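Each chain, written out:
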Amino acid sequence: MDQSTVYPVKLYVYDMSKGMARQLSPIMLGNGSLSHRHTAIVVHGDEFFYGGEGISNCQPGGTMLGAPNTVVDLGTTEVTEEIFMDYLTSLGESTYRGDRYRLFEHNCNTFSNEVAQFLTGAKIPAYITDLPSEVLSTPFGQALRPILDSIHIQPPGGNHFNGHYGQR
């Protein structure tokens, strides 16, 4: 009987505002839902994330954001490191190039959600993926949208993933 190796898959969640967004949320949006969350997928011993420079990777917790605020266990995968690297290369050359980054529609959270589904078949928590629509549904969110759309976030400290794993 063939025994497959399984690899743990984690979602690292960071509050990039360090709590400030949550404090300002009742004033700005009329609710306490605002938090600027950055997410990354941790699998095969590395942390992978998407930002204004494309797909990047580092050791878990290795960006200047430090340790994540929350770690969500997404389960396990049988996807090998080699297949995963090929998958990321394909994403980095198409869907998740740096020039395609959009703060509300195509960001680190959409990347983490897509990668989580590829690896485990499960989505990341809705409280993360629903946040942009919650913000944009408010008058303040609509007023800020032109400014926020121009923002490209790239957490410092990661290595740009160039599709050639081991040559980072």
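Residues numbered from 1 in each chain as written. Predicted model: local features only at pLDDT ≥ 70, side-chain atom pairs only at ≥ 80, totals over all residues. Heavy atoms only, no water.

The chain is annotated in an unreviewed UniProt entry as palmitoyl-protein hydrolase of Huso huso. Here is the UniProt Sequence similarities (unreviewed entry) comment for the chain, exactly as written: "Belongs to the DeSI family." (UniProt positions renumbered as here; feature names shortened; annotations may be inferred.)

## Re the pattern of salt bridges
Applying the stated rule across the entire model yields two salt bridges. Taking the shortest distance from any N to any O, the salt bridge between Lys10 and Asp73 comes out at 3.7 Å. Note that Lys10 is positioned in strand 1 (residues 7-15) and Asp73 in strand 5 (residues 70-77), a separation of 63 residues in sequence. Here Lys10 falls in the partly exposed class, since its relative accessible area comes to 27%. Across the salt bridge formed by Asp99 and Arg97, the nearest N and O atoms sit 3.0 Å from each other. (Salt bridge = Lys/Arg side-chain N within 4 Å of Asp/Glu carboxyl O. Helix = DSSP H or I, 4+ residues; strand = E, 2+ residues; numbered from the N terminus. Buried < 20%, exposed > 50% of the residue type's maximum accessible area, 1.4 Å probe, protein only.)

## Some details on the packing of helix 2 (residues 81-93) against helix 3 (residues 108-120)
Any two packed helices are characterised by the angle at which their axes cross and by the distance between the axes. Viewed as axis vectors pointing N to C, helix 2 and helix 3 meet at an angle of 145 degrees, and their least axial separation amounts to 12 Å. Considering how the two elements wind past one another, helix 2 and helix 3 form a crossing that is right-handed. Each of Ile83, Phe84, Tyr87, Leu88 and Leu91 in helix 2 lies in contact with helix 3, whose residues at this interface are Phe111, Glu114, Val115, Phe118 and Leu119. Residues belonging to the contact of helix 2 with helix 3 are distributed by class as follows: nine nonpolar, no polar and one charged. (Axes fitted to C-alpha atoms, helices over the stretch in contact; angles between N-to-C directions. Left-handed = near helix turned anticlockwise from the far one by under 90°. Contact = heavy atoms within 4.5 Å. Nonpolar A, V, L, I, M, F, W, Y, C, P; charged D, E, K, R; others polar.)

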